[in-house]
Number of protein chains: 2
Amino acid sequence: MSHGLIRDVVVNANIIEMEYAVRGAIPQRAAELKKQGRNIIFCNIGNPQALGQRPISYYRQILSLVEDPGQISREHQLRKVVGASIRDAALMLKEDVLQQAEYILHKMESGMGAYTESRGPAFIREAIARFIDERDQVSGGDGLRANPDHIFLTNGASDAVKSVLEMLIAAPQDGIMIPIPQYPLYSAAIKKLGGVQVNYYPDEESGWSLERAMLDESIRAAREQGVNVKAIVVINPGNPTGAILDEGSMREVIAFAHENNLAIMADEVYQENVYDGRFVSFAKMVGRAPVPLFSLHSVSKGFYGECGHRGGYLEVRNAPRVQGTDANFIDILVKQASVSLCSNTVGQILVYLMVTPPAPGSASAASFAREKQQILEELYKKAEIIKEAFTHMEGMHCFGRIGALYLFPRIDHLPAGTSDFEYCMQLLETTGLCTVNGRGFGQKPGTHHLRIAFLPPAEMLQEVLPQWIDFHNRHVRG
Amino acid sequence: MSHGLIRDVVVNANIIEMEYAVRGAIPQRAAELKKQGRNIIFCNIGNPQALGQRPISYYRQILSLVEDPGQISREHQLRKVVGASIRDAALMLKEDVLQQAEYILHKMESGMGAYTESRGPAFIREAIARFIDERDQVSGGDGLRANPDHIFLTNGASDAVKSVLEMLIAAPQDGIMIPIPQYPLYSAAIKKLGGVQVNYYPDEESGWSLERAMLDESIRAAREQGVNVKAIVVINPGNPTGAILDEGSMREVIAFAHENNLAIMADEVYQENVYDGRFVSFAKMVGRAPVPLFSLHSVSKGFYGECGHRGGYLEVRNAPRVQGTDANFIDILVKQASVSLCSNTVGQILVYLMVTPPAPGSASAASFAREKQQILEELYKKAEIIKEAFTHMEGMHCFGRIGALYLFPRIDHLPAGTSDFEYCMQLLETTGLCTVNGRGFGQKPGTHHLRIAFLPPAEMLQEVLPQWIDFHNRHVRG
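What you see is a predicted model, and the numbers here were worked out from it, not measured in a lab.

Overview of the overall build of chain A
Within chain A, the secondary structure is distributed over 16 helices and 14 strands. For 478 residues, the compact-globule estimate of 2.2 N^0.38 gives 23 Å, and chain A sits close to it at 24 Å. For the C-alpha atoms alone, the extent of chain A along its principal axes is close to 75 × 65 × 60 Å. Within the span of chain A, comprising 478 residues, buried residues form 63% of the whole. The long-range share in chain A, meaning contacts at least 24 apart out of those at least 6 apart in sequence, stands at 75%. For chain A, the exposed area adds up to about 17,600 Å²; of that, 49% sits on carbon and sulfur atoms. Between the averaged position of the 47 positive side-chain charges in chain A and that of its 54 negative side-chain charges there is a distance of 3 Å.

Comments concerning helix 9 (residues 212-224) of chain A
Residue and element names in this part refer to chain A. An ideal rise of 1.5 Å per residue puts 18 Å on 13 residues; helix 9 measures up with 18 Å between its terminal C-alpha atoms. Listing the buried residues of helix 9 in full gives Arg212, Leu215, Ser218, Ile219 and Ala222. Across the axial projection of helix 9, the buried residues extend over an arc of 130°, all falling on one side. Residues of helix 9 that are exposed and point over 90 degrees away from its buried face: Ala213 and Glu224.

So, the relation of the copies chain B and chain A
For these two chains of identical sequence, chain B goes onto chain A by a turn of 180° and a shift of 0.0 Å along the axis, with RMSD 0.0 Å. Such a combination of rotation and displacement between the chain copies is what one expects of a two-fold axis. By C-alpha distance to the rotation axis, the residue of chain B lying nearest is Ser64(B), at 2.0 Å. A share of 100% of the interface residues of chain B reappears at the interface of chain A, consistent with the copies meeting face to face through the same patch.

Considerations on the pairing of strand 2 (residues 151-154) of chain B
The side chains of a regular strand alternate, residue by residue, between the two faces of the sheet. All names here are of chain B. Of the two faces of strand 2, both are covered, the one formed by Ile151 and Leu153 as well as the one formed by Phe152 and Thr154. Taken together, the four bridges between strand 2 and strand 8 (residues 312-317) define a ladder with antiparallel strand orientation. Across the sheet, the residue bridging to leucine 153 is tyrosine 313, located in strand 8.

So, the nonpolar core
Core analysis: the largest hydrophobic core is formed by 262 residues, its most contacted members being Tyr423(A), Trp468(A), Tyr423(B) and Trp468(B). Discounting chain neighbours no more than four positions away, the residues touching Trp468(A) are Ile386(A), Phe390(A), Met393(A), Met396(A), Tyr423(A), Leu427(A), Thr431(A), Leu433(A), Leu450(A) and Ile452(A). In this structure, Tyr200(B), Val234(B), Ala283(B) and Met285(B) belong to the second largest nonpolar core, which totals 29 residues.

A word on the sheet that holds strand 3 (residues 174-179) of chain B
All names here are of chain B. Spatially, 2-8-7-6-5-3-4 is the arrangement adopted by the seven strands of the open sheet, whose pairing is mixed. Because the sheet does not close on itself, it has two edges, and the strands there are strand 2 and strand 4 (196-200). Averaged over all neighbouring strand pairs, the angle between strand axes comes to 20°, with direction disregarded. Examined bridge by bridge, strand 3 and strand 5 (residues 228-235) share four bridges and lie parallel to one another. Within strand 5, the residue paired with isoleucine 176 across the bridge is alanine 231. Those strands touched by helix 10 (residues 247-259) are strand 3, strand 5 and strand 6 (263-267), and its axis lies near 165° from that of strand 5.

Observations concerning the packing of aromatic side chains
Throughout the structure, instances matching the rule amount to 32 aromatic pairs over all chains. On the numbers, 5.5 Å between centres and 80° between planes, the contact of Tyr270(B) with Tyr406(B) is edge-to-face. With Tyr270(B) in the loop between strand 6 and helix 11 (282-286) and Tyr406(B) in strand 10 (residues 406-407), this residue pair connects regions lying 136 residues apart in the sequence. Tyr406(B) carries the same exposure label as Tyr270(B), and that label is buried. Grouped by ring-pair contacts, the aromatic residues Tyr58(A), Tyr59(A), Phe303(A), Tyr304(A) and Phe368(A) constitute a single cluster.

Rules of the game
Each chain has its residues counted from 1, following the order in which its sequence is written. Chain labels run from A onward and ligand labels from 1 onward, assigned in the order the entries are written. Confidence filtering applies because this is a predicted model: local features only for residues at pLDDT of at least 70, side-chain atom pairs given and counted only at 80 or more, and all residues used for totals across whole chains, interfaces and linings. With hydrogens and water excluded, all non-hydrogen atoms of the structure serve as input to the side-chain values. Only DSSP runs of H or I with at least four residues qualify as helices, and only runs of E with at least two residues qualify as strands; both kinds are numbered from the N terminus onward. Computation of the radius of gyration draws on C-alpha atoms alone. For the globule rule, the value is 2.2 Å times the number of residues to the power 0.38. When accessible area is computed with a 1.4 Å probe and restricted to protein chains, residues below 20% of their type maximum are described as buried, those above 50% as exposed, and intermediate ones as partly exposed. Whether two residues are in contact is decided by their heavy atoms, any of which lying within 4.5 Å being enough. Only the protein chains shown count as cover for residues, and the accessible areas themselves come from Shrake-Rupley with a 1.4 Å probe. Think of it this way: Lys and Arg go in the positive column, Asp and Glu in the negative one, and His and the chain ends go nowhere. To locate a charge, take NZ of a lysine, CZ of an arginine, CG of an aspartate or CD of a glutamate. Helices are assigned an expected span. That span is 1.5 Å times one less than the residue count. Arc definition: directions from the helix axis to the C-beta atoms. When the copies are overlaid, the least-squares fit takes in C-alpha atoms only where the residue has pLDDT of at least 70 in both copies. A strand pair is defined by DSSP finding two or more bridges across the two strands. Throughout this description, the term nonpolar core refers to a set of buried Ala, Val, Leu, Ile, Met, Phe, Trp, Tyr and Cys residues connected via side-chain atoms within 4.5 Å. Lines fitted to C-alpha atoms define the axes, with helix axes restricted to the stretch in contact, and inter-axis angles between N-to-C directions lie between 0 and 180 degrees. In this analysis, rings of Phe, Tyr and Trp, with Trp reduced to its six-membered ring, are considered paired at centre separations within 6.5 Å, and the interplanar angle assigns stacked below 30 degrees, edge-to-face beyond 60, and tilted for intermediate values.

The following block contains the structure:
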């Protein structure tokens, strides 16, 4: 019998050791300062609507109707009752919004409140497959079409990453190659699952491109340590780098994966955030190469920015068979998904809307296009404003084409004995700007960086950037 | 270089072996039959809205407004514009619905589209704490109040279970005690995490009560095998049994946990589904006993039935310190939650609405109470109809007070050499009724059961129950 004391508990050491800088010490300090009344600009995370980005009206009007279908009949009734007495057409919902909501409710059968199929409703997976084929300009008959049964709707892309890694990491020596720097979800998930993180290093000065010799060296070194490398993660556009991968680098990765029997996990959640660049998917580049491919997309980024709704999907190509069983990788993923029953239905519907924008000429088409364009143009403009500010900071270098929601400049002239952690902490204390230091994502030994999400309103940037320039130039001079 | 073939991949054996009967062979066969045009009644899962239960209007009206705040100002404008010309008050939203939506949007700050704090928004956690205190009749000053900082919003209760078990299972010999029968999420999660499932056996014939000698024997046997038992799971009201635990049994569990340094995981997602019984929480019964307690609640069950929205919460009491660190269990849970960023905001808002029903006298109070009462009364009536049918089935015995959404009768007279699996499969083929056989939940060796969710509309039951009785009596006679 114990004596009214709670014994300490032994907790999974992997979880204790796991790190997650995006919500780590610097953002925590920022939250404290905010509580004390300081004005904080949260650039530590890609959370657009927290910094004033407005949701796409078309999406929200439809979500509103599918949550309360009574509104649809009410709208029809209102039209009859008030008829011509309402001059203000803006008070009435658009026809295509009502139709899309009615269509969704028809296809959902039991509405938004029932568990769906574990993978997500078939009509949404079919729409995703059509979206992928159209994006990648794949036509029938060539055997390269997306398969709706190999698509899984998830609570944001994070869930998809975890599901796949859980399956791939089958033994303590199983390794996953990840780029350095990387989004810490990957390092955290690998750590938690007790696998081995195998680093590879995109070349910063050539815009974070990938070279074969570097990939070969990475896997050679891992194998020398007895690591069984099973997959390579690529984030394109990059997080934290924001860089857009060139097609040559993609070809290198695919050939490398093929020759080394690796699966590719392609994190493509920023595929709409390419601004003056062009997005090419791994699915398209893989083509007929027999390389298992897991690709991810999400409603959190792009011009949608619907982070809180946690919608995403995973598409699998060239699913391998599972050794020692009759099962395919897909079968086991389905079983795994079934234990959580299904992803949330609102996130599912947002994914559906993401892949089926208003048809040209429909009532919402013009406003949808305008809102989309405005968000993407503003993001690009803000990225350029910040990048320009770097030119006034001594030894601050930012490489790669602008993509995703981030800039990841290298800080060359830190005072001796200090790191990017102190830099970011002092930047926060001095200016209220909350960034994340490079170490949170990993970086080449001896280099220092920070990641900033280019999300704050332009006026806010105009105010804080001179302060940052001032802070920087004083800081680096010690 | 491989030659255009995809190598088989080695997948985490725990995931391959994991079973999940609720979406297993019988429901899969049911889905096939449905595709072929058969009329199937899905009683394999507690998914009320899939079987025609209507969502609570008040909840959905508010969700509708918070998704599209433009509707709120539109409503105010409409009132002005159309004014008295609308005689039909039903076309206008109720005042308290508008106010609650405005309040939520005010507290959410960035609306529904931003990531929230990892644990969920503070105002919701505070409301949950007040709900718990009120439910358990805890007043200030006695130190037993719920702590909002120890509450975590999750994507349904399933996510919470997995988070806690992931932390507790720190080594392959770490064991978790679970009741047999149990909800297979527990066995699946333990299996996946590589821990040891330690069975204990509630006493069926005394209404699934728990006796100390049985618990002692269970832990003794596990320890003899070198298992390090860390927690005991209790599901109350029971799933699959549907039984309501008596207070004596709860006291036994708490004393047992205390003396053996175990945490209690109390799955209380069916706390509103007690019909003629009364729900007593583990938090209340634990009182001042220094036993770590993880309790779960969800918007999926009760009279809400909002399964698809994936909303739930975890409340932690007497959080232990984490051995070998300065951290508390809560700190690590927060870090873990932060890797998934946050649970979905709509699920969060539904949890908020679940714990803050319309105030007495408010515009929605009466209709809310009516809808709630009607759903709970119907559920109870349907359970009784089914239970009555069992009395016409030879050797069919159903124990315990009616609770949750399930009945779990024992089938005593199966033909020699057959099991409850064949019984349920043939019941499905013969009548279209999809249930899950007892083995899917675990059962005492030598016994046979099935679980049926008492959700189909009463008319549907009136039609299928005579067929079931007929099938049963022919089946058991071989």
